[in-house]
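Secondary and tertiary structure notes
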Amino acid sequence: MAVTTKQLWDNAISQLHDLSNATLYQNNELQARIAELEAELAAVKMAYSAVADNVTLDKKAHNAQMSSFNRQMPAFTHSPAQDPLVLCVIDGDRLLFLRSFIEHGYQGGRQAAQVFTKAIAQELVEQGLTGFDRLSFWVTIYMNKRAVVNALHNDHIATAEQFESFLVGFGQASPRFIVMDAGPGRDSTEAKVKEYVKTYIRLPQTLRVFFGGIDGNYMAMYNSLEQEDLAGKLILLQPSNNPSPAMRQMGTRSLRLEGLFMEERLSPLPIARPGPLVGIPDACMGMNGVPSNGLISPQSESQCSMPTPPPGNRTPENPRMVDPSKPLHKRGSLPQVSCTFMSNPSHREPPPCNEHYLMTCSKGANCKYSHEWLLSPEQLDILARNAKKAPCNYLKNGLICPYGDNCCWGHVCPSGAKCFHLSKGKCWFKGDGMHPGNFPQIVEFA
């Protein structure tokens, strides 16, 4: 009887142990399933949120487009002979074509133009803009060309020759494809792009304006267009799957273009055009063909500088870089532009030759100034600005300058008729007409 009771207890304990193991196993399975369901729920919520955001943006873009259509319809009714315009403007400092296009130079430019045109045409078809006999398609690219070339070189993407050939091929693909050099400084490119958009988007015959190279600096422009019910004409060019924060804030339609534009940004470009330097150090006395007993008229920050010709691209065979640990005017580093004309036999590393970097130096190997510095866009800009502070020898001696507007030297005193040194008879700008009484005023039309 005792043996039977022990067996019963052993059997009961064994059953309880098996039941406990089964319960634990089922509990683990349930917990794993709960975790899977929670992950799936989180993914669904995230997808729903993304879809809801896209629906909101699409609805906002649709309403803006409808508002723009309503404003355009009367204009088309009264001027049926006008071809509708489809315009594209690109901030070339922010958005560049793929490296594979640029590397192929001229042919790469033509191929990029064809691929881009095809993508725009497909987008117009998807929007239903097919009821016109003819559309006039224009592409304009604004860029700080010198800075972009320098960034491409620094990032080992393309040479200056490759990029120049690429731009030529792109521009010659169509008479309506235009590449414009906006000049030094990020603000120059932005200003031209903004004026382009604000001007042409208001034309009643403008159907769409495709805009590439968007960043936060264009938000104010977009907000003003939205207030005028013009944002519906705007389509943002999106080079990647992930739109930039600025594009997310703009509630308008975007066109995703894969395999056409670079997704990554180049090295930082110059943000602003450097201001003119104040005064000229004593070490700079002794310029080419300029008497050392004269005084150049200093130009203050508040005065307007005369326009300077854009420096040419010069790539020396054995370039020397700037020593960032030393001021630009010290020996062993790049001399400051105000000291560009310094003549010092003891200087082991001569300053850069103005005419070599800004025009053409006829002295060649006999030039006492250096042709070997690798100047940044900012330094070239300073070089051009300060060269204008020294008078052109042709005009100073009463002759006609053969270089005209392309001359790197000053044809007009920066201080004009109010030059202090002119009243003392010591200004270097001694030629006739080098101190005009007034300057023409530039008028901007709204």
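Everything discussed here concerns the structure shown above.
Presented here is an overview of the structure given in this document. Small disclaimer: the values here were computed from a predicted structure and weren't measured. (Residues numbered from 1 in each chain as written. Predicted model: local features only at pLDDT ≥ 70, side-chain atom pairs only at ≥ 80, totals over all residues. Heavy atoms only, no water.)

Here we come to the overall build of the chain. Counting its regular elements, the chain contains 12 helices and 6 strands. For the chain, the proportion of its 446 residues judged to be buried stands at 41%. Of all intrachain contacts in the chain linking residues separated by at least 6 positions in sequence, the fraction that spans at least 24 positions is 72%. Summed over all atoms, the accessible surface of the chain reaches about 25200 Å², with 55% contributed by carbon and sulfur. (Helix = DSSP H or I, 4+ residues; strand = E, 2+ residues; numbered from the N terminus. Buried < 20%, exposed > 50% of the residue type's maximum accessible area, 1.4 Å probe, protein only. Contact = heavy atoms within 4.5 Å. Areas by Shrake-Rupley, 256 points an atom, 1.4 Å probe, with all protein chains shown as cover.)

Attention now moves to unusual backbone geometry. For residues besides glycine, phi is generally negative; the peptide bonds are generally trans as well. For H156, which is not glycine, the phi dihedral falls at a positive 55 degrees. With relative accessibility at 63%, the residue H156 sits in the exposed group. Of note in this structure, D229 is not a glycine but carries a positive phi near 60 degrees. Mapping D229 onto the fold places it in the loop between α7 (219–227) and β5 (234–238). Judged by relative accessible area, D229 falls into the partly exposed class, the value being 37%.

The 6 strands lie next to each other as β3-β2-β1-β4-β5-β6, forming an open sheet whose pairing is parallel. A single partner strand is all that each edge strand has here, and the edge strands are β3 (177–181) and β6 (254–256). Looking at each pair of strands side by side, their axes are set apart by 20 degrees on average, direction ignored. Bridge count for strand β4 (residues 206–212) against β5 is 4 bridges, and the pairing is parallel. Bridging across to β5, F211 finds its partner in L236. (Pairing = 2+ DSSP bridges. Axes fitted to C-alpha atoms, helices over the stretch in contact; angles between N-to-C directions.)

Turning next to the nonpolar core. Core analysis: the largest hydrophobic core is formed by 40 residues, its most contacted members being F97, F116, I120, F163, F210 and L237. It is helix α3 (residues 105–126) that contributes the most residues to this core, 6 residues altogether. The residues contacting I120, other than those within four sequence positions of it, are V86, F137, F210, L237 and L255. (Core = buried A, V, L, I, M, F, W, Y, C linked by side-chain atoms within 4.5 Å.)

What follows concerns the pairing of strand β2 (residues 136–143). Among the 8 residues that make up β2, 7 are buried, leaving the element largely enclosed by the rest of the structure. Strand direction decides the pairing type here: β2 and β3, joined by 5 bridges, are parallel. Among the inter-strand pairings, T140 is bridged to a residue of β3, identified as I178.

The interhelical angle for the contact between α3 and helix α5 (residues 160–172), taken along N-to-C directions, is 40 degrees, at an axis separation of 6 Å. Comparing the axis directions of α3 and α5 gives the class oblique. The hand of the α3/α5 crossing is right-handed. Between α3 and α5, the contacting residues are G105, Y106, G108, G109, R110, A112 and A113 on the first element and Q162, S165, F166, V168, G169, F170 and Q172 on the second. Of the residues belonging to the contact of α3 with α5, the class tally is 6 nonpolar, 7 polar and 1 charged. (Parallel < 35°, antiparallel > 145°, perpendicular 65-115°, else oblique. Left-handed = near helix turned anticlockwise from the far one by under 90°. Nonpolar A, V, L, I, M, F, W, Y, C, P; charged D, E, K, R; others polar.)

Turning our eyes to something else, we now look at the side chain of S370. In this structure, S370 sits in the loop between α9 (354–358) and α10 (377–387). In this structure S370 comes out as buried when scored by relative accessible area, which is 4%. A polar contact of 3.0 Å, which involves the side chain of S370, links it to the backbone nitrogen of E372. (Polar contact = N/O pair within 3.5 Å; in protein donor to acceptor, adjacent residues only side chain to side chain.)

All right, on to α7 then. Of all the residues in α7, the buried ones are M219, M221, Y222 and L225. What you see down the axis of α7 is that its buried residues fit within an arc of 160 degrees, all on one side. Opposite the packed face of α7, turned more than 90 degrees from it, sit the exposed residues A220 and Q227. Check the buried side of α7 and you find it contacts α6 (186–200), β4, β5 and α8 (245–249). One or two residues past the end of α7 sits D229, with phi positive at roughly 60 degrees. (Arc of directions from axis to C-beta.)

Right, let's get into α6. Over its 15 residues, α6 runs 22 Å from end to end, which matches the ideal 21 Å to within 8%, given 1.5 Å per residue. Taken as a whole, α6 has its buried residues at R186, T189, E190, V193, Y196 and V197. For α6, the angular spread of the buried residues around the axis is 130 degrees, confining them to a single face. In this structure, the buried side of α6 is in contact with β1 (85–91), β2, β4, α7 and β5. (Expected span 1.5 Å × (residues − 1).)

With that out of the way, let us pick up the pattern of salt bridges. Applying the stated criterion across every chain, the model contains 11 salt bridges. The shortest N-O distance in the salt bridge between R253 and E123 comes to 2.5 Å. You can see R253 sitting in the loop between α8 and β6 and its partner E123 sitting in helix α3, a full 130 residues away along the chain. A salt bridge links E195 to K198, with the nearest nitrogen and oxygen atoms 3.4 Å apart. Residue E195 and its partner K198 are both found in helix α6; the two are separated by 3 residues, about one turn of the helix. (Salt bridge = Lys/Arg side-chain N within 4 Å of Asp/Glu carboxyl O.)

So far we have only geometry, and geometry alone does not tell us how the molecule works.
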